[in-house]
Amino acid sequence: MRSRYTAYHQQRVDYLVNTTHPDQQPFLNRHEIQQWAQQTDWVGLEIIHCLFGQPTHPYGEVEFIAHYQLKSSHQSNQLHENSTFSLIDQKWYYIDPHTAPLIKVKKLTRNDICLCGSGKKYKKCCMRN
């Protein structure tokens, strides 16, 4: 998540596209991503919650708040999102919430093994947090 935040700050559109799930990349609009990055001053990132799995559970979630200002108005704003990532060939890919229906993601349920790697059921581990 931090690397994608930095890529927005540095206007690295190729990195943002390449770290988006491969099934979603053809649907991304590079021009819109570039415009958003250019008109935005990114001023801070807060990671609220982070849960990443093991190779047997190749999904992760990051809840974050990105603080920014639009250059046109200098008004402070924030983007609060709970992002989903997918592990493919030892590399994490962002699953764009706007195109997420294109990808089937198994949601973690109470009785699944927790993604943190503890070996406990989710309900007895990180679900409590």
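Located above this text is the structure these notes cover.
Residues numbered from 1 in each chain as written. Predicted model: local features only at pLDDT ≥ 70, side-chain atom pairs only at ≥ 80, totals over all residues. Heavy atoms only, no water.

## What about the packing of aromatic side chains?
For any pair of aromatic rings, geometry is given as the distance between the ring centres together with the angle between the planes.
Item 1. In this structure the tally under the stated criterion is 6 aromatic pairs.
Item 2. Here W36 and Y68 contribute two aromatic rings whose centre-to-centre distance is 5.4 Å and whose plane-to-plane angle is 70°, an arrangement assigned as edge-to-face. Taken together, the residues span a long stretch of sequence, with W36 in helix α3 (residues 30-38) and Y68 in strand β2 (residues 59-70) at a distance of 32 residues.
Item 3. Take Y68: its relative accessible area is 12%, and that puts it in the buried class.
Item 4. Of the aromatic side chains, those joined through ring pairs into one cluster are Y5, Y8, W36, W42 and Y68. (Phe/Tyr/Trp six-rings, centres within 6.5 Å; stacked < 30°, edge-to-face > 60°. Helix = DSSP H or I, 4+ residues; strand = E, 2+ residues; numbered from the N terminus. Buried < 20%, exposed > 50% of the residue type's maximum accessible area, 1.4 Å probe, protein only.)

## So, the sheet that holds strand β4 (residues 91-95)
Item 1. Read across the open sheet, the 4 strands follow the order β1-β2-β3-β4; overall the sheet is antiparallel. Because the sheet does not close on itself, it has two edges, and the strands there are β1 (40-52) and β4. Mean inter-strand twist for the sheet, computed between neighbouring axes without regard to direction, equals 30°.
Item 2. In this sheet, strand β3 (residues 76-88) lies alongside β2 in antiparallel orientation, the contact comprising 11 bridges. Bridge pairing links Q69 to S76 in β3.
Item 3. Along the sheet face, helix α1 (residues 2-9) touches β1, β2, β3 and β4 and points at about 170° away from the line of β1.
Item 4. Contacting β1 and β2, α3 crosses the sheet at an angle of about 110° to β1. (Pairing = 2+ DSSP bridges. Axes fitted to C-alpha atoms, helices over the stretch in contact; angles between N-to-C directions. Contact = heavy atoms within 4.5 Å.)

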